[in-house]
Amino acid sequence: RHAIEQSMNVPAVRVLQMIHDKTGSLNRSYDALRSMGVTTLTKSDLNYAPLSLGGLTEGVILREWTGAYGMIANDGIYVKPITYTKVEDSNGTIILQNKREERRVFSSGTAYALTDIMKGVVTKGTARSARLQNSVVAGKTGSTSDTKDKWFVGYTPSLAFGAWVGG
């Protein structure tokens, strides 16, 4: 809990090593990211640092990170982010319509535990400036080692959001 609140990297790598030691593979973590909508994974990302810290070879699209965190907020059910639900002409005829795509990724218990931990990131950790007066916020900060890029992805009970600043 403290390691996540303070954005400590070594414990994240150690947890992934424990998972690897138990399962004999990093594929479970790699596949979990894919099931959360991360499309930028490459074969070289099947390694400790990218999987445990999010430093993927091709990066992660902010919209995809936001969708992944939205899955946690949504009780472990991933809903693919979309730009629009439908487009109608002036007569009300539907021209384009997106279908809702969803799937369970985490159990309710896992989603609850992650939310509980990430609330601490906002209340007493690296994202204290993301606190809201009238809502509970959970989320995670991140940065590159040279602090060229910084991001925050979080959620309230009704909204998932992300912000990235970098070059």
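Calculation criteria
- Residues numbered from 1 in each chain as written.
- Predicted model: local features only at pLDDT ≥ 70, side-chain atom pairs only at ≥ 80, totals over all residues.
- Heavy atoms only, no water.
- Pairing = 2+ DSSP bridges.
- Helix = DSSP H or I, 4+ residues; strand = E, 2+ residues; numbered from the N terminus.
- Axes fitted to C-alpha atoms, helices over the stretch in contact; angles between N-to-C directions.
- Contact = heavy atoms within 4.5 Å.
- Buried < 20%, exposed > 50% of the residue type's maximum accessible area, 1.4 Å probe, protein only.
- Arc of directions from axis to C-beta.
- Lys, Arg positive; Asp, Glu negative; His and termini not counted.
- Salt bridge = Lys/Arg side-chain N within 4 Å of Asp/Glu carboxyl O.
- Polar contact = N/O pair within 3.5 Å; in protein donor to acceptor, adjacent residues only side chain to side chain.

What to know about the sheet that holds strand β7 (residues 160-165)
Taken together, the three strands give an open sheet; going across it, the order is β5-β6-β7, and neighbouring strands pair in antiparallel fashion. Of all the strands in the sheet, the pair left with one neighbour each is β5 (138-143) and β7. Across the sheet, the mean angle from the axis of one strand to that of its neighbour is 10°, orientation sign disregarded. Note: strand β6 (residues 150-155) against β7, six bridges, orientation antiparallel. What sits directly across from F152, in β7, is A163. Helix α5 (residues 62-73) rests against β5, β6 and β7 of the sheet, and its axis sits at about 30° to β6. Packing against the sheet, helix α6 (residues 108-123) makes contact with β5 and β6, and its axis sits at approximately 60° to β5.

What to know about helix α3 (residues 27-35)
Within the sequence span of α3, burial applies to S29, Y30 and L33. Seen from one end, α3 has its buried residues packed into an arc of 100°, which puts them on one side. Packing partners of the buried residues in α3 comprise α2 (9-23), α4 (48-53) and α5. At the exit of α3 stands G37, carrying a positive phi of roughly 95°.

With respect to the side chain of K140
On the secondary structure map, K140 appears in strand β5. Here K140 is buried and forms no salt bridge, its nearest opposite-charge partner E5 lying at an N-O distance of 11 Å. Polar contacts involving the side chain of K140 include one to the side chain of S7, which spans 2.8 Å.

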